[in-house]
Amino acid sequence: MLTLKYITENTDDVIARLGKKNFDGTEIINQVVELDRNRKITQTQLDNQSAEMNNLSKEIGLLFKQGKQTEAAEAKEKTTRLKDEIKLLDDRLSEIEQSLNLLLVQIPNLPHESVPPGKHAEDNLIERSGGVMPELPENAVPHWDLAKKYDLIDFELGVKISGAGFPVYKGKGARLQRALINFFLDNAREAGYLEIQPPYVVNAASGYGTGQLPDKEGQMYHCTIDDLYLIPTAEVPVTNIYRDVILDEKDLPVKNTAYSACFRREAGSYGKDVRGLNRLHQFDKVEIVQIQHPEKSYDTLNEMVSYVQTLVEKLELPWRILRLCGGDMSFTSALTFDFEVFSAAQQRWLEVSSVSNFESYQANRLKCRFKGSDKKTQLCHTLNGSAMALPRIVAALLENNQTPDGILIPKALIPYTGFEIID
RNA sequence: GGAGAGGUGCUCGAGUGGUUGAAGAGGUACGCCUGGAAAGCGUAUAUACGGUGUGGAAUCGUAUCGAGAGUUCGAAUCUCUUCCUCUCCGCCA
């Protein structure tokens with residue numbers, strides 16, 4: 001969430017910039033400013049009363065020591081009134097802080113100045129693109145047919161065991177998954193990321209830390225008996241490593257990567273758009289996370305985008321990078337680049353990665369700070385990106401590389417799969 | 001799952017109702033000392049919010065000793081709830 005300080009000091013600017021996200025913040029921001037004013041007044045009053053109380057208590061202690069019982073008893077009586085007032089003020093302060101917090105989590109992050117205006121995905125800017133569009137054989141088919149033909153992925157079996165959206169990978173299909181995971185992890189490690197293997201379930205505090213809770217609760221699977229949530233992405237456990245942490249400036253940037261299965265309830269629609277691997281309840285993803293000094297976070301964002309680009313290039317997929325418009329960006333992001341690869345048989349661009357700079361929005365909620373040589377603590381900037389999500393990559397690989405003889409594996413991946421063709 | 005012990009600052013560790021935000025030690029930083037280093041000596045070393053205030057600073061107040069609630073004039077210290085850790089037993093990959 002945005003910091004109170006920033007909102008109160010830049011009120012008009014905040015409202016204006018929220019407009020780019022198609023968010024009318026006039027009312028809510030003014031409420032916040034008003035509440036904050038109240039908060040300060042109440043806090044000051046409370047502090048003063050508490051100080052008086054503390055002084056009185058000390059006096060009483062002294063009086064008792066000196067054996068002045070009557071004076072002590074008199075002083076005691078004075079505290080009754082103070083006590084009531086303190087209780088009242090304390091309650092009021094908690095109420096104000098609660099309301100404030102409730103409002104703050106409803107305000108999205110401010111978009112970076114380079115974010116293009118727009119409301120929908122069509123308004124996103126194509127930043128750059130690359131790769132070669134494949135020429136498919138006449139009888140080319142979408143990946144769900146290929147998966148069946150070569151017995152790589154069994155969607156019906158998944159339905160039997162779990163439900164729709166939980167595919168079963170088999171044989172070379174399963175090996176391809178494993179190969180891609182290792183390929184992505186190895187690349188990330190070589191790019192300087194520390195590999196992490198996080199828990200797949202998290203507690204509520206972690207859910208709040210990265211903003212899945214309270215508003216997006218329905219998107220996560222919830223184990224109610226133990227009040228734990230299945231992670232929708234490794235971002236959640238990995239980022240929460242740094243919850244309530246004060247880093248040393250010289251430890252920045254922190255670069256972490258993690259593979260995890262990702263679980264999404266995603267009450268989505270059915271049909272062509274979500275067929276096959278396009279949308280799943282469980283899928284595999286390698287995530288990259290960086291925590292960076294505020295002054296360097298946009299350089300880091302570029303670095304991460306370039307890194308992801310090397311992945312799609314090595315996989316020899318036609319790709320393009322979109323700079324998301326204000327309306328298509330996530331709630332928490334300041335600037336987001338989406339990667340899409342072209343899935344030739346479906347004739348569609350599929351989103352395979354999303355790389356974002358959250359600036360201090362997420363860090364503020366996490367209380368992830370750093371301390372520099374000037375001994376001041378300030379909020380870090382956090383960034384993350386998928387590098388990458390497997391299902392759509394697999395869809396594109398299958399579709400684009402189909403030949404009459406079978407499906408060819410890109411060169412960079414062969415050391416990982418141990419086979420060159422699926423036939 | 002049963003029985004017991006415990007959770008204090010960056011770390012270890014003292015502290016069982018009254019200037020204790022917290023002794024002591026270690027670590028770290030800076031300074032002195034040294035030709036350089038070690039040792040030694042000195043100083044500093046939590047966070048948040050609020051007040052006054054500044055070029056930067058500074059300074060005062062409040063809260064925080066796992067978390068939450070309570071008793072009390074006063075709680076790290078007493079009570080309750082809850083979370084977590086450790087030991088023993090049981091169960092189990």
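Small disclaimer: the values here were computed from a predicted structure and weren't measured.

Draft legend 1. Focus on the layout of surface pockets. Considered as a void within the structure, the second largest pocket measures approximately 1100 Å³ in volume. Lining the second largest pocket are 36 residues, and of these M1, L2, T3, L4 and N364 lie nearest its centre. Here the lining of the second largest pocket takes six residues from helix 4 (residues 69-104), the largest share from any one element. Of the residues in the lining of the second largest pocket, the class split is 15 nonpolar, ten polar and eleven charged.

Draft legend 2. Region of interest: helix 7 (residues 171-190). Under the 1.5 Å per step criterion, the end-to-end length of helix 7 is 29 Å for 20 residues, consistent within 8% with the ideal 28 Å. Within helix 7 the residues assigned to the buried category are G173, L176, Q177, A179, L180, I181, F183, F184, L185, N187 and A188.

Draft legend 3. Main features of the environment of L180. As for its position among the elements, L180 is in helix 7. What makes L180 buried here is its relative accessible area of 0%. Placed 209 residues apart in sequence, L180 and A389 show a C-alpha to C-alpha distance of 9.6 Å.

Draft legend 4. Inspection of the pairing of strand 16 (residues 381-389) at higher detail. Across the nine residues of strand 16, nine count as buried, placing the element largely inside the fold. Pairing between strand 10 (residues 282-292) and strand 16: seven bridges, direction antiparallel. If you follow I291 over to strand 16, its bridge partner there is T382. Relative to strand 16, strand 13 (residues 348-357) is paired through three bridges, and the arrangement is antiparallel. Bridge pairing links N357 to L383 in strand 16.

Draft legend 5. Representation of the sheet that holds strand 9 (residues 254-263) in the model. Sheet architecture is open: eight strands sit in the order 1-11-12-13-16-10-9-4, paired in mixed fashion. Pairing within the sheet leaves two strands with one partner each, and these edge strands are strand 1 (125-130) and strand 4 (194-196). For this sheet, the mean inter-axis angle between neighbouring strands, taken without regard to orientation, is 25°. Pairing of strand 11 (residues 319-323) with strand 12 (residues 335-343) involves five bridges; the strand directions are antiparallel. Bridged to L322 within strand 12 is D338. Contacting strand 4, strand 9, strand 10 and strand 16, helix 7 crosses the sheet at an angle of about 5° to strand 10. The strands that helix 10 (residues 297-314) touches are strand 1, strand 9, strand 10, strand 11, strand 12, strand 13 and strand 16; relative to strand 16, the one it contacts most, it runs at about 5°.

Draft legend 6. Quick look at the environment of I288. Here I288 shows up in strand 10. Those residues in contact with I288, other than ones at most four positions away along the chain, are A188, Y193, N256, T257, M304, Y307, V308, L383, N384, G385 and A387.

Draft legend 7. How the structure looks around the confidence of the model for chain A. Summary statistics for chain A give a mean pLDDT of 92 and a share of 98% for residues scoring 70 or more. No element of chain A has a lower mean pLDDT than strand 6 (residues 222-223), which averages 86, and none a higher one than helix 13 (residues 414-417), which averages 98. What the predictor reports for the complex is a pTM of 0.92 with an ipTM of 0.87.

Calculation notes
- Starting afresh in each chain, residues are numbered from 1 along the sequence in its written order.
- As a convention, the first chain written is A and the first ligand written is 1, with the rest following in written order.
- With pLDDT at 70 or above as the cut-off, local features in this predicted model cover only qualifying residues; side-chain atom pairs require 80 or more to be listed or tallied, and sums for whole chains, interfaces and linings still use all residues.
- Here the side-chain values reflect all heavy atoms present in the structure, with hydrogen atoms and water set aside.
- Grid points spaced at 1 Å and placed over the protein atoms alone form the basis of the search, with a cavity being a set where a 1.4 Å probe fits but cannot get out and a pocket an open set showing protein on both sides within 12 Å along at least five of seven lines. Lining residues have an atom within 4 Å of a point.
- Grid points are joined across faces, edges and corners, and a volume is the space filled by probe spheres set on the points.
- Each helix is a run of DSSP H or I of at least 4 residues and each strand a run of E of at least 2, with the numbering of both proceeding from the N terminus.
- Note on residue categories: nonpolar means Ala, Val, Leu, Ile, Met, Phe, Trp, Tyr, Cys or Pro, charged means Asp, Glu, Lys or Arg, and polar means any other residue, Gly included.
- Expected span of a helix, by definition, is 1.5 Å for each gap between consecutive residues, and there is one gap fewer than residues.
- Burial classes: relative accessible area under 20% of the type maximum marks a residue as buried, over 50% as exposed, and values in between as partly exposed (1.4 Å probe, protein chains only).
- Strand pairing is defined by DSSP finding a minimum of two bridges between the two strands.
- Think of each axis as a best-fit line through the C-alpha atoms, taken over the contacting stretch in the case of a helix, with angles from 0 to 180 degrees between the N-to-C directions.
- Any two residues whose heavy atoms approach within 4.5 Å at even a single point are treated as in contact.
- Values of pLDDT, which run from 0 to 100, indicate the predictor's confidence residue by residue.

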